[in-house]
Amino acid sequence: MRERMGHAPTRAISGIVMLAMVVTTILGVVAPSRAIASSSLLTIIGGEVQLSDAPGEPFRVAEDGAVLRAGMTVKAGTDGRAVLTFEDGSTMAIEPGSEIGIDEVATGTHGELLVRIQQAFGKTWSHVQPLLSPNSRFHIKTPAATAVVRGTSFEITVEIQGETTVNVFQGTVVMVAAGAVVPVAAGKQTAVQQGAPPAPPVLAKPAEVRLRLGLNSPATMVVTDPIGRSAGITPNGVVNAVPGTSTTAPEDHPQLVDISSPVAGEWEIALQPRGDGGAFSLILNSIVGTEIGERKQIAGTIARGQRIVTKIRVRAEGTADSFGPIQQTAETRSKMKLEKAT
């Protein structure tokens, strides 16, 4: 799914426009609109996560559901994992041993999202909703570069010495460093040393094992990993907090969720109907290298107002067993609030 592409002329024009906006934003040519202070929501996935209220302030144990504002810093311990959810539904998953600081989180007077984050070290996985306003911005600054984002899913790793690597799964991330502006497209990655421009993007090595879930139905699908992070389509749009995952947009059919290097354990697939619902078919493929395993399938019907779930068990090597029984439930195992932060 990382290879999905749109119409070539449209992509070319969009790329030129995006690059122009990136350059003018970085150089300060576009005047920022008046902003209203905003916030994001912190979800503790597990382990030790600490929070500081302002630069220089001591860290304390972070509480699940904490509201984060500009000036705060989040630090994950060696076993700590958390997800930040912004007001438009964009998310940043923080991996163990990582630290990020919020320089800005605001909403412009015309509804544009304004986010600037400092990633000091460690690994994050971000899914940024498409930024429709030319004045919207989502920037992640590391010791070596700034990532400028307009609707994409990507991973950033910052080593202790500051070297920064970005691996893009969907959309495009523009890396800015040492006066160079380098777009990195889906399926590619680049590295940046402190004081140097970004290296030319290269094809990222695909994961050896992937899972592909496909849904044919007047319904939406959300996949939740064994520790409670979710990816898929909710009534409010796309969510993607599972590292290494790509999802299709709400208008795509069938709906697909691709998971790279899935962690072992029990995964949940939850379905909600669109409108009156109807018959559905859920398909699972385990992909090892270039070999696609035997297709597993489950079918049924879903009615208005229902939420149904099924589960799969992922083995240690990353392949998955067949679907479990279909159950109707009012809840899912997701630790995330699958609606926009307020």
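Residues numbered from 1 in each chain as written. Predicted model: local features only at pLDDT ≥ 70, side-chain atom pairs only at ≥ 80, totals over all residues. Heavy atoms only, no water.

A.B. asks: Mind showing me how you'd approach the overall build of the chain here?
C.D. replies: Across its full length, the chain carries one helix and 30 strands. Here the chain holds 342 residues, and 50% of them are scored as buried. Considering only contacts in the chain between residues 6 or more positions apart, those separated by 24 or more positions represent 57%. For the chain, the exposed surface amounts to about 15400 Å²; the carbon and sulfur share of it is 54%. (Helix = DSSP H or I, 4+ residues; strand = E, 2+ residues; numbered from the N terminus. Buried < 20%, exposed > 50% of the residue type's maximum accessible area, 1.4 Å probe, protein only. Contact = heavy atoms within 4.5 Å. Areas by Shrake-Rupley, 256 points an atom, 1.4 Å probe, with all protein chains shown as cover.)

A.B. asks: In this structure, what is going on with unusual backbone geometry? I would like to understand it.
C.D. replies: Generally, phi is negative for residues other than glycine and the peptide bonds are trans, each holding for most cases. Omega for the peptide link from H253 to P254 comes to 0 degrees, which places this bond in the cis form. Relative to the elements of secondary structure, P254 occurs in the loop between β23 (245-247) and β24 (255-260). Although it is not a glycine, A178 sits at a positive phi angle of roughly 50 degrees. Checked against the element boundaries, A178 lands in the loop between β15 (172-177) and β16 (180-185). Although it is not a glycine, S261 sits at a positive phi angle of roughly 50 degrees. Position of S261 relative to the elements: it lies in the loop between β24 and β25 (265-273).

A.B. asks: It is not clear to me how the pattern of salt bridges should be interpreted in this structure. Could you clarify?
C.D. replies: Between side chains of opposite charge, a pair can form when the charged atoms approach closely. All chains considered together, the criterion is met by 13 salt bridges. With a closest N to O distance of 3.1 Å, E104 and R137 form a salt bridge. One end of the pair, E104, is in strand β9 (residues 99-108); the other, R137, is in strand β11 (residues 137-141), with 33 residues separating them in the sequence. Comparing E104 with R137, the two get one shared label, buried. Residue E266 pairs with R313 through a salt bridge whose shortest N-O separation is 3.8 Å. Here E266 is found in strand β25, whereas its partner R313 is found in strand β29 (residues 308-314), with 47 residues between them in sequence. With a relative accessible area of 27%, E266 lands in the partly exposed category. (Salt bridge = Lys/Arg side-chain N within 4 Å of Asp/Glu carboxyl O.)

A.B. asks: Teacher, can you tell me more about the packing of aromatic side chains here?
C.D. replies: Counted according to the given criterion, the structure contains two aromatic pairs. Centre to centre, the rings of F86 and F138 are 5.6 Å apart; their planes meet at 85 degrees, and the pair counts as edge-to-face. Of the two residues, F86 is situated in the loop between β7 (81-85) and β8 (91-94) and F138 in strand β11; the sequence distance between them amounts to 52 residues. Here the two residues F86 and F138 agree in accessibility, since each one is buried. (Phe/Tyr/Trp six-rings, centres within 6.5 Å; stacked < 30°, edge-to-face > 60°.)

A.B. asks: Sorry if this is basic, but what is going on with the nonpolar core here?
C.D. replies: Nonpolar side chains in soluble globular proteins generally cluster together in the buried interior. One finds L42, L68, L84, F138 and F154 to be the most contacted residues of the largest nonpolar core, which totals 39 residues. It is strand β10 (residues 113-128) that contributes the most residues to this core, four residues altogether. For L84, the contacting residues outside a window of four places in its chain are S40, L41, L42, L68, S90, T91, M92, I94, I100 and I102. (Core = buried A, V, L, I, M, F, W, Y, C linked by side-chain atoms within 4.5 Å.)

A.B. asks: Help me understand the side chain of S153, please; the structure alone is not making it clear to me.
C.D. replies: Tracing the sequence through the fold places S153 in strand β13 (residues 152-158). Here the side chain of S153 touches H127 through a polar contact of 2.8 Å, side chain to side chain. Engagement of the side chain of S153 in a polar contact is seen with the side chain of N240, the distance being 3.5 Å. Look past the residues within four positions of S153 in its chain and what remains in contact with it is W125, S126, H127, V168, F169, Q170, N240 and T245. (Polar contact = N/O pair within 3.5 Å; in protein donor to acceptor, adjacent residues only side chain to side chain.)

A.B. asks: Hey, could you run me through the environment of E208 in this one?
C.D. replies: Summarising the element assignment, E208 is placed in the loop between β18 (202-203) and β19 (209-216). Classification of E208 by relative accessible area gives exposed; the value is 52%. Residues E208 and E317, 109 residues apart in the sequence, show an inter-C-alpha distance of 9.8 Å. With residues up to four places along the chain from it excluded, the contact list for E208 reads I287, V288 and G289.

A.B. asks: Looking at this model, I keep getting lost on the layout of surface pockets. Mind explaining?
C.D. replies: Gaps left between atoms are located by rolling a probe of water-molecule size over the structure's atoms. If you add up the space inside the second largest pocket, you get close to 480 Å³. Surrounding the second largest pocket, 25 residues form its lining, E155, P243, G244, S260 and S261 being those nearest its centre. Mapped onto the lining of the second largest pocket, the elements with two or more residues apiece are β14 (164-170) and β24. Considered class by class, the residues forming the lining of the second largest pocket number twelve nonpolar, five polar and eight charged. (1 Å grid on protein atoms, 1.4 Å probe; cavity = no way out; pocket = protein on both sides within 12 Å on 5 of 7 lines; lining within 4 Å. Points joined across faces, edges and corners; volume = space filled by probe spheres on them. Nonpolar A, V, L, I, M, F, W, Y, C, P; charged D, E, K, R; others polar.)

A.B. asks: I'm lost on the environment of G122 in this one. Help?
C.D. replies: For G122, the position within the fold is in strand β10. Among residues more than four places away in sequence, those in contact with G122 are G97, S98, I156, T157 and V158.

A.B. asks: Any chance you could explain the sheet that holds strand β30 (residues 327-328) here in plain terms?
C.D. replies: Pairing between the strands of a sheet is mediated by backbone hydrogen bonds and can be parallel or antiparallel. Taking strand neighbours across the sheet as the criterion, the six strands line up as β22-β21-β20-β25-β29-β30 in an open arrangement whose pairing is antiparallel. Each end of this open sheet is capped by a strand with a single partner; those strands are β22 (237-240) and β30. Both strand β21 (residues 230-234) and β22 contribute to a ladder of four bridges, which runs antiparallel. Among the inter-strand pairings, G232 is bridged to a residue of β22, identified as V239. (Pairing = 2+ DSSP bridges.)

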